[in-house]
Amino acid sequence: GWSGITCNADDEITSIRLREHGLAGSSIPKELTSIPSLEILSLDRNALSATVPSEIGLLSNLRTLQLNNNNLVGTIPTSLGNLINLELISLGNNDMNGTIPGEIFNSKLRGLDIDDNNFYGTLPSEMFTSSINLVNIDINGNGFEGTIPNGFGSLSKLGSLRMNSNNFEGELPPELFASSKLHTLDCSGNNLNGSLPDELYAATTLRKLDLSSNNFTGALSTKIGDLNLLIELKLQSNQFEGAIPGEMGLLSAVTSLDVSFNLLDGNMPEQVCGLRESPSSKLLELVSDCDGTEPRVTCDCCTSCTAGY
């Protein structure tokens, strides 16, 4: 058979996987859309140009659409809404734009990867009503705006949500932490504000939490120690204030902890320094505002000190 092409017992093409096949400059051939048996179309990392042809909506058996890391332009065709078996839409790292059509959300969709494009507008309500089986959502590096919808509360299987580097504003809705499977949340680089909701500290499955480069305020709760699976905790470049809770020392799996560029003050708690000093410690990076003539934070165990604001 041909490289990257898979057929079924009836000699119908079911899969075309041509990742990194050097198809630079060419567009997605419309002829592909005359293969109704096609279930997997993976053309990622090929420098493909032009738009995603609306004829893709004719591939009624398609389960996987991977067109990420190309030079595609234009909008997401609403005809993707005809693909009721689609489980993965991957369009990340292109030059596409426009708003996200609500039509593309179906009940089988598990993965939506549209990061690093020029999409804008608000997140469509269909994301939370038609696609409640979503597991992975990556919309980072776009121009999405508005508040974070509390519709995230209906995504009970959500494991990874990356919405960093957009224009989201307002507070973190408690519903964001409704999934008992949430392991990765990256909201960094937005215009979010307010204090952190108590529901965050109940999301004990979290392994990566990045809230950096926003305008969050208030004290850090002593309940932060409940997030004891955390490997990465990024809180830098906000307006958090008060003492650094000693309960952070309960984060025994953490490898990177950054609280710099905040209004936090006082001593880095002994319990946190204890993480650096213990033989089984995994804490490789500990950063706070411990530099300058009058540092806000006194820290003898930090790996890096910033002068802060």
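Below is a summary of the structure that appears in this document.

For the rest of this paragraph, the subject is unusual backbone geometry. Positive phi, normally seen in glycine, also occurs at Glu20, with a value near 50°. Looking at the secondary structure, you find Glu20 in the loop between β2 (13-17) and β3 (40-42). Accessibility expressed as a relative area gives 54% for Glu20, which makes it exposed.

Considering all chains together, one arrives at three disulfides under this definition. What pairs with Cys273 in a disulfide is Cys301, and their sulfur atoms sit 2.1 Å apart. Between Cys273 and Cys301, the S-S torsion sits near -75°, and that sign places the bridge as left-handed. With Cys273 in helix α2 (residues 270-277) and Cys301 in the loop between β22 (297-298) and β23 (304-305), this residue pair connects regions lying 28 residues apart in the sequence. The same class applies to Cys273 as to Cys301, namely buried. With a sulfur-sulfur separation of 2.2 Å, Cys299 is cross-linked through a disulfide to Cys302. Between Cys299 and Cys302 the sulfur-sulfur dihedral comes to about 100°; the bridge is accordingly right-handed. Note on Cys299: relative accessible area 12%, which makes it buried.

So, about the environment of Tyr309. Mapped onto the fold, Tyr309 is located in the segment after β23. In this structure Tyr309 comes out as partly exposed when scored by relative accessible area, which is 48%. Along the backbone, Tyr309 and Ser260 are 49 residues apart, and their C-alpha atoms lie at a distance of 9.1 Å. Excluding residues that lie within four positions of it along the chain, Tyr309 makes contacts with Ser237, Asn238, Gln239, Phe261, Asn262, Leu263 and Arg296. Separated by 3.0 Å, the side chain of Tyr309 and the backbone oxygen of Asn238 make a polar contact. Among the polar contacts made by the side chain of Tyr309, one reaches the main-chain carbonyl oxygen of Phe261 at a distance of 2.9 Å.

About the criteria used
- Residues numbered from 1 in each chain as written.
- Predicted model: local features only at pLDDT ≥ 70, side-chain atom pairs only at ≥ 80, totals over all residues.
- Heavy atoms only, no water.
- Helix = DSSP H or I, 4+ residues; strand = E, 2+ residues; numbered from the N terminus.
- Buried < 20%, exposed > 50% of the residue type's maximum accessible area, 1.4 Å probe, protein only.
- Disulfide = S-S within 2.5 Å.
- Contact = heavy atoms within 4.5 Å.
- Polar contact = N/O pair within 3.5 Å; in protein donor to acceptor, adjacent residues only side chain to side chain.

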